[in-house]
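Residues per chain are reported as follows:
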Amino acid sequence: MQEFITFTIIGLATGGIYAITAGGLTLTYTTTGIFNFAHGATGMFAAFLYWQMHYGWHWPIWLALVACLLVFAPLFGVLLHLVIMRRLEGTSAATKLMVTVAILLSLVASVLWIWDPNVNRTAQPFFRGKVLEVGGVNVPYSDITTLAVALAVAVGLWVLLTRTRIGIAMRATVDDRSLAQLNGARPEIAGMLAWAIGTSLAALAGILVAPKLSLSPLPLTLLIVNAYAAAVIGRLKSLPMTFLGAMLIGVAGAYATNYIPKWKEGYPYLSGFTPTVPVAVLFVALLLMPQTQLRGHSSSRTREFSRKPTWPGGLMFAAAVVFGAFVASRTLSPTDLFSSTKMWGLGIIALSMIPLIGYSGQLSLCQLSFAGIGAITVAHLGDGGEPIALLWAAMICAVIGAIIALPALRLSGIYLALGTAAFAVALDRWIFQLPKWNWGGHTYQVFKSGTLPIKRFDLPWVDINSDRAYFVFGAVCFALVSLVVVAIRRGEFGKRLLALKDSPAACATLGMNHKLTTLSVFATSAAIAGIGGGIYGGAVRSVSSTNFEFFTGLSILMSMVIAGLTSPGAALFGGILLGTPLMTNLFPDWAQLTTILIGLNGIALGRNPNGFIAAQIRPKWDPALKHPAVMGTGIAGVVVVFLLREGDIIGNWSMVIGMFIAVALISSVSRGIDSRKAGKTLTGANDLPEGMTAVPEKLGVSQPFTPADIEALDRTLGLPPVTALAGGRHGA
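This structure is a prediction, so every number in the text was calculated from the model and none was measured.

Conventions adopted
- Just so you know, the residues in each chain are numbered from 1, in the order the chain's sequence is written.
- Thresholds applied to this predicted model are a pLDDT of at least 70 for local features of residues and 80 or more for the giving and counting of side-chain atom pairs; totals over whole chains, interfaces and linings are not thresholded and use all residues.
- The side-chain figures draw on all heavy atoms in the structure; neither hydrogens nor water molecules are used.
- Under the DSSP-based scheme used, a helix requires at least four consecutive residues in state H or I and a strand at least two consecutive residues in state E, with every element numbered from the N terminus.
- Summary of the burial criterion: residues with accessible area below 20% of their type's maximum are buried, those above 50% are exposed, and those between are partly exposed, where the area comes from a 1.4 Å probe applied to protein chains only.
- Should any heavy atoms of two residues lie within 4.5 Å, those residues are counted as being in contact.
- What sets the accessible areas is the Shrake-Rupley method with a 1.4 Å probe; for residues, cover comes only from the shown protein chains.
- In summary, the pairing rule links any two rings of Phe, Tyr or Trp, Trp by its six-membered ring, whose centres are within 6.5 Å, and it sorts them by plane angle into stacked for under 30 degrees, edge-to-face for over 60 and tilted for everything else.
- Each axis is a line fitted through C-alpha atoms, and for a helix only the stretch in contact is used; angles between axes span 0 to 180 degrees, taken between their N-to-C directions.
- With respect to orientation, any angle under 35 degrees is reported as roughly parallel, any angle over 145 as roughly antiparallel, any angle of 65 to 115 as roughly perpendicular, and every other angle as oblique.
- Nonpolar residues are Ala, Val, Leu, Ile, Met, Phe, Trp, Tyr, Cys and Pro. Charged residues are Asp, Glu, Lys and Arg, and all others, Gly as well, are polar.
- One speaks of a salt bridge when a side-chain nitrogen belonging to Lys or Arg is within 4 Å of a carboxyl oxygen belonging to Asp or Glu.
- A helix is expected to reach a length of 1.5 Å times the quantity of its residues less one.
- Put simply, buried Ala, Val, Leu, Ile, Met, Phe, Trp, Tyr and Cys residues joined by side-chain atoms within 4.5 Å make one nonpolar core.
- Distance and chemistry together define a polar contact, namely a pair of N or O atoms within 3.5 Å, with one atom able to donate a hydrogen and the other to accept it when in protein, and with adjacent residues in sequence counting only for side-chain atoms on both sides.
- A residue's pLDDT is simply how confident the predictor is in it, with values from 0 to 100.
- When DSSP finds two or more bridges between a pair of strands, those strands are recorded as paired.

A.B. asks: Provide a residue-level description of the overall build of the protein, including the pertinent values.
C.D. replies: Summing up its helical and strand segments, the protein has 32 helices and six strands in all. Within the protein, the fraction of its 732 residues that count as buried is 50%. A sequence separation of at least 24 residues applies to 76% of the contacts in the protein between residues at least 6 apart. By element, 66% of the accessible surface of the protein is carried by carbon and sulfur atoms, the whole surface being about 33,400 Å².

A.B. asks: With reference to specific residues and values, describe the packing of aromatic side chains.
C.D. replies: Following the criterion strictly, the structure yields 24 aromatic pairs and no others. Their ring planes at 75° and their centres at 5.9 Å tell us that Phe323 and Phe642 sit as a pair that is edge-to-face. Of the two residues, Phe323 sits in helix H13 (residues 311–331) while Phe642 sits in helix H29 (residues 628–646), which places them 319 residues apart along the sequence. According to the relative accessible area criterion, Phe323 is partly exposed, its value standing at 28%. Assessed through its relative accessible area of 6%, Phe642 is described here as buried.

A.B. asks: Before we move on, can you summarise unusual backbone geometry with the specific residues and values?
C.D. replies: One non-glycine residue, His58, adopts positive backbone phi at about 60°. Take His58: its relative accessible area is 65%, and that puts it in the exposed class. Even without glycine at this site, Arg541 takes up a positive phi of about 70°. Along the chain, Arg541 falls in the loop between helix H22 (514–540) and strand S6 (542–544). Exposure remark for Arg541: the relative accessible area of 32% places this residue in the partly exposed category.

A.B. asks: Quick one: what's the story with the packing of helix H15 (residues 343–359) against H22, residue by residue and with numbers?
C.D. replies: Taken N-terminus to C-terminus, the directions of H15 and H22 make an angle of 175°; their axes are 7 Å apart at the nearest point. As far as their axial angle goes, H22 and H15 are roughly antiparallel. For the pair H15 and H22, the contacting residues are Gly345, Leu346, Ile348, Ile349, Leu351, Ser352, Met353, Pro355 and Leu356 in the first and Val521, Phe522, Ser525, Ile528, Ala529, Gly532, Gly533, Ile535 and Tyr536 in the second. The residue inventory of the contact of H15 with H22, partitioned by class, reads 13 nonpolar, five polar and no charged.

A.B. asks: So what's going on with the pattern of salt bridges? Residues and values would help.
C.D. replies: Following the criterion strictly, the structure yields four salt bridges and no others. The partner of Asp467 in a salt bridge is Arg456, and the shortest N-O contact between them spans 3.0 Å. Of this pair, Asp467 sits in helix H19 (residues 467–490) while Arg456 sits in the loop between strand S5 (451–453) and H19, and the two are eleven residues apart along the sequence.

A.B. asks: Describe in detail H15, supporting the description with residues and values.
C.D. replies: Taking 1.5 Å as the rise per residue, H15 with 17 residues should run 24 Å; its terminal C-alpha atoms sit 23 Å apart, in good agreement. Burial within H15 is extensive, with 17 of its 17 residues counted as buried. Gly361 sits one or two positions beyond H15 and adopts a positive phi of about 75°.

A.B. asks: Account for the nonpolar core, with residues named and values stated.
C.D. replies: The biggest cluster of nonpolar side chains holds 171 residues, and the ones touching the most others in it are Phe37, Leu104, Leu365 and Phe550. Apart from residues lying up to four places away in sequence, Leu365 is in contact with Phe37, Met98, Ala417, Thr420, Ala421, Ala424, Phe550, Leu554 and Leu557. Grouped together as the second largest cluster of nonpolar side chains are seven residues, Val327, Val638, Phe642 and Ala662 included.

A.B. asks: Describe the side chain of Thr42, naming the residues involved and giving the relevant values.
C.D. replies: Inspection of the secondary structure puts Thr42 in helix H2 (residues 39–56). Not counting the four nearest positions on each side in its chain, Thr42 is found in contact with Phe76, Leu107, Thr199 and Ala202.

A.B. asks: Describe in detail H13, supporting the description with residues and values.
C.D. replies: Taking 1.5 Å as the rise per residue, H13 with 21 residues should run 30 Å; its terminal C-alpha atoms sit 30 Å apart, in good agreement. All of the buried residues along H13 are Gly313, Gly314, Ala318, Val321, Ala325, Val327, Ala328 and Ser329. The residue sitting at the N-terminus of H13 and contributing the capping side-chain oxygen is Thr310; that oxygen lies 3.1 Å from the backbone nitrogen of Gly313.

A.B. asks: Any chance you could break down the confidence of the model for the protein for me, citing the residues and the numbers?
C.D. replies: Atom-level detail of predicted coordinates should not be read off regions where pLDDT is low. Averaged over every residue, the pLDDT of the protein is 82; residues scoring 70 or more account for 83%. When mean pLDDT is taken per element in the protein, H19 scores highest with 96 and helix H32 (residues 722–731) scores lowest with 45. Every residue in residues 682–702 is under pLDDT 50, and counting partners more than four places away or in other chains gives 36 contacts. Low pLDDT (under 50) marks residues 724–732, which in the prediction has one contact with non-local residues, meaning those over four places away or in another chain.

A.B. asks: Please give an account of the pairing of strand S2 (residues 137–140) that cites residues and values.
C.D. replies: Side chains Val137 and Val139 project from S2 onto a buried face, and the interleaved Asn138 and Pro140 project onto a face without burial. Bridging between strand S1 (residues 131–134) and S2 involves four bridges; their strand directions are antiparallel. Each residue of the ladder has a partner; that of Leu132, found in S2, is Val139.

A.B. asks: Requested: an account of the environment of Pro334, with residues and values cited.
C.D. replies: With respect to the helices and strands, the residue Pro334 is situated in helix H14 (residues 334–340). For the pair Pro334 and Asp467, spaced 133 residues apart in the sequence, the C-alpha separation amounts to 8.0 Å.

A.B. asks: Which residues make up the packing of H15 against H19, and what values do they have?
C.D. replies: At a minimum axis separation of 8 Å, H15 and H19 run at an interaxial angle of 10°. On the basis of their axis angle, the class for H15 and H19 is roughly parallel. On H19, the residues that touch Met343, Trp344, Gly347, Ile348, Leu351, Ile354, Pro355 and Tyr359 of H15 are Phe471, Gly474, Ala475, Cys477, Phe478, Val481, Ser482, Val485, Ile488 and Arg489. Tallied by class, the residues present in the contact of H15 with H19 amount to 14 nonpolar, three polar and one charged.

A.B. asks: Report on the environment of Ala371, specifying residues and quantitative values.
C.D. replies: Mapped onto the fold, Ala371 is located in helix H16 (residues 367–381). Exposure remark for Ala371: the relative accessible area of 0% places this residue in the buried category. Each C-alpha atom, one on Ala371 and one on Gly530, is 4.5 Å from the other, the two residues being 159 residues apart in sequence. In this structure Ala371 touches Ile349, Ala529, Gly530, Gly533 and Phe548, once residues within four positions along its chain are discounted.

See the structure below:
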């Protein structure tokens, strides 16, 4: 009984930390409509800052707490609102979520950059050594303090949101911003206050939990996943239910820590389940939630588009990828070539996000987990290098993807994102860590001795065992999958996905089976990710569970989002950025620079939710597809430059510069031809009205309209002169 009381108290103390974190989450979501995925990362950063002030600079505890909780955290929250969050007005839920993910990645990378991760840091609990005896159990003062603070936070937030004018104004701003302003509400003040309080609560939770965990960025940041469950139990609205859910999760985790190890037969297989208890609670809470109502068309999507690719453009892109890979395989050093072979696997994983997230708008955060399943399948079923293992990987991942999609039939938006995140974290912490087991006379183990060797595929007539050959093979696979994505977008299935993204309610009204479409896109996307995982595994030859961690998947997703979630070119960008030593070679002393750049670019999504490739680079190539002669001449120039490099006439950098110039000329010359044609058409003598001698500069001519030109145009169109209109208005 004493043991039961002890772990109950431990669980309640841990639940108090979850309650504080979940309370801050609920506050920001209820008052701003934004689910802050970076909430835990904010608390993690504050915990490191507190450690630096108290243990590094030897500040008194009270001064360090005041500086972190009453100065840094509120100012950081106000800065988030003024610089980032208020600019997200009118964007989709996916864009809002991705911006907070970008902040998370930036904060984690910043901590790893500022504080050396190889240095061991610990934080001591408050009132160390002081205990209170309750029923024969010594309860630390720190746990009592945590429970008291959690209860005070819950009551204070409830009073703020339901009994104060500013709290009611906060909630009213989310429901109807314009109506709230008409009634005297000030959304800017309410938003700043909400983010200031929310970040302060995140900082408080991070400082309280630091003594219970190692002062490491990822464990502290993943605390937020545990708080997700409490927030979901409260439906992201009810603070009392959120508090109760946090206590239940904390107690369940403490009981699992104590009682699961006593089951000797099952403990080896359930030891990894202990840290996933909050994740399991989250998944169950999501399944028990009422079915989400079908969403109608939202005006917030008017800023987002999905450009329909052409077959000539898709084929040109695929050919350019393969040719570029062949050139790179001939010019990269052996070390860089080996480091770059994985880029094609990562690129295919990124391609899997286009139909699911880009076209259909399903917020999935577990694509890298499907890739891990694909790599495991290839390792176990393709032990002799059998290429058929890739097909098995696609099929198995498709089945698992369809199963994971079952909750997606009931959930949408942030709840679907949380469900897929729970699946990814459960794989990281538990399934991928399972020891070997016997079944049906066979022995199974997910990862053998922590790592899983993968042999490169034994293709007929072609040996791809060398890094150069495998690099080109990966490029061919990437090009083929990109054409599959183009076919999806151009086909009937792609139209259904876009309709599902725009308005599920309209799809159901018109008789479209939106549930079957959702299952199909999840299965298709998972199959593509599984193929990418198998190719990635063959590139690195040996994988472990760390290769498929949840945070790595977020980096891939963010690279796609900032480049354009509907563009195969964005997948190529992500593969190059994350799968090559490009940034390491350019900035060898800045190990976290890539993640920080991804995060900072993701923060700017509110201004351009379509990504820079889809919105800026891709449209500039449309004219080139209409001028085959120009395209052919430019391609010939690229080939000539490459042949000069092969003949040792020029060096690598000269080849790169020459190819860049040739490619740039294709686009610029094509656009110049179109501009001249447009100018001639608009300024031809037979096309201009009598007396009209010029057109505006934006139509291709430098001379602007003159008053005589305007009068001539009015006569041609049968409009009264401007002077007559002015006189009439004056007379009136």
